[in-house]
Amino acid sequence: MIIRSSKELKERYHHLNSGDIFLGVLTFKHLKPSILIDLLERGVLCFPSALSQTLNHSKATQVIVLKKWMLPHTFVVTRRVDLIDIINEYNRLGIASVVTKEDRLHCGYGIRKWDTIETVYSFMALSESSYPFVVQPFLENFTDVRVIVVGDYVEAYVRHNPNNFRMNVSMGGKNYPYEVDTDMEAFCRAAMEKGKFPYAHMDLLITDSGEYYLSEIALNGGIKGARLSRKKLDQKKQKVIENLAAISLTVS
């Protein structure tokens with residue numbers, strides 16, 4: 001049995017068995033992690049994968065799974081003792097300004113810049129509810145590139161805002177095309193494979209020295225700078241997961 005919508009999934013949820021397939025992104029909101037675990041335990045196949053849907057939902061979890069591709073000294077803070085350890089590490093390395101990312105808040109709204117990691121600690125003393133969050137060194141100069149990978153289709157564009165370190169186009173940033181070379185594409189596809197993303201919207205930070213790091217990854221994202229329309233992009237994504245479902249049925 002292949003389920004192709006969350007509505008159908010909810011209607012037939014208790015009839016699913018091992019080998020059945022769900023195509024799409026779950027819309028159970030706060031129950032999503034629990035539902036994904038239940039589906040995995042019952043042997044129901046998900047495309048996009050349960051892991052990619054989990055990572056899509058949480059910036060903190062992205063750091064745990066995809067830290068290898070991210071800016072050095074990027075950490076997840078889950079409790080006060082984590083922050084104390086990071087203060088020691090950043091001070092030892094001479095890292096002053098930092099950026100924090102609020103978990104599960106998108107479009108740049110959860111990104112905050114702090115002059116020192118001590119300022120973050122002082123704030124968190126009064127805001128325990130903000131855990132978990134991501135912290136990383138602040139890059140003074142970098143190029144922000146959005147890369148979209150769907151099957152064989154790859155395109156990218158630079159997002160730039162001279163008036164705000166948040167480069168999101170939705171926050172006033174401008175965009176222009178960017179050419180992805182073979183090394184960068186391999187970098188992106190390796191991170192996607194680790195997170196089991198069948199397709200992805202990836203934000204990369206490119207330093208002045210030409211090094212690039214993964215900032216965030218998502219199954220869906222803004223495409224204001226993309227050449228492809230939303231409709232055509234969604235069609236490509238659907239084709240990718242339909243092919244994955246067909247392959248899994250053939251193997252089984």
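Remember, it's a predicted structure, so these values are computed and weren't measured experimentally.

Observations regarding the overall build of the chain
A count of helical and extended segments in the chain gives eight helices and twelve strands. Here the chain has a C-alpha radius of gyration of 19 Å; the compact-globule value for 252 residues is 18 Å, and the two agree. On the principal axes, the C-alpha backbone points of the chain span a range of 55 × 40 × 30 Å. Within the chain, contacts between residues separated by at least 24 positions form 57% of all contacts whose residues are at least 6 apart in sequence. Between the centroid of the 32 positive side chains of the chain and the centroid of its 28 negative side chains there is a distance of 6 Å.

Digging into the sheet that holds strand 2 (residues 21–23)
Here we have three strands laid out as an open sheet, ordered 1-2-3, and parallel in their pairing. Edge positions in the sheet fall to strand 1 (2–3) and strand 3 (45–47), since each has one partner strand and no second. Pairing analysis gives two bridges linking strand 1 to strand 2, with the strands arranged parallel. Each residue of the ladder has a partner; that of Ile3, found in strand 2, is Phe22. On top of the sheet, helix 8 (residues 230–251) reaches strand 1, strand 2 and strand 3; it is set at about 170 degrees to strand 2, its chief contact.

Here we look at helix 8
Side chains three or four residues apart in an α-helix point the same way, a direct result of the helix having 3.6 residues per turn. Helix length check: helix 8 (22 residues) gives 32 Å between terminal C-alpha atoms against 32 Å at 1.5 Å per residue, within 8%. Those residues of helix 8 hidden inside the fold are in contact with strand 2, strand 3, strand 8 (143–150) and strand 11 (199–206).

Comments concerning unusual backbone geometry
Cis geometry is found at the peptide bond from Phe47 to Pro48, where omega equals 0 degrees. Mapped onto the secondary structure, Pro48 falls in the loop between strand 3 and helix 3 (50–57). That bond from Tyr131 to Pro132 is cis: its omega, -10 degrees, falls within 30 degrees of zero. If you trace the backbone, Pro132 turns up in the loop between helix 6 (117–124) and strand 7 (133–137). Of note, His73 is a non-glycine position whose phi angle comes to about 70 degrees, a positive value. Of note, His73 is situated in the loop between helix 4 (59–66) and strand 4 (75–77). His73 sits in the partly exposed class, given a relative accessible area of 31%. Unlike most non-glycine residues, Lys196 shows phi in positive territory, near 55 degrees. Tracing the sequence through the fold places Lys196 in the loop between helix 7 (182–195) and strand 11. Relative accessible area serves as the criterion here: at 52%, Lys196 is assigned to the exposed category.

About the cut-offs
- Residues numbered from 1 in each chain as written.
- Predicted model: local features only at pLDDT ≥ 70, side-chain atom pairs only at ≥ 80, totals over all residues.
- Heavy atoms only, no water.
- Helix = DSSP H or I, 4+ residues; strand = E, 2+ residues; numbered from the N terminus.
- Rg over C-alpha atoms; globule rule 2.2 N^0.38 Å.
- Contact = heavy atoms within 4.5 Å.
- Lys, Arg positive; Asp, Glu negative; His and termini not counted.
- Charge placed at Lys NZ, Arg CZ, Asp CG, Glu CD.
- Pairing = 2+ DSSP bridges.
- Axes fitted to C-alpha atoms, helices over the stretch in contact; angles between N-to-C directions.
- Expected span 1.5 Å × (residues − 1).
- Buried < 20%, exposed > 50% of the residue type's maximum accessible area, 1.4 Å probe, protein only.

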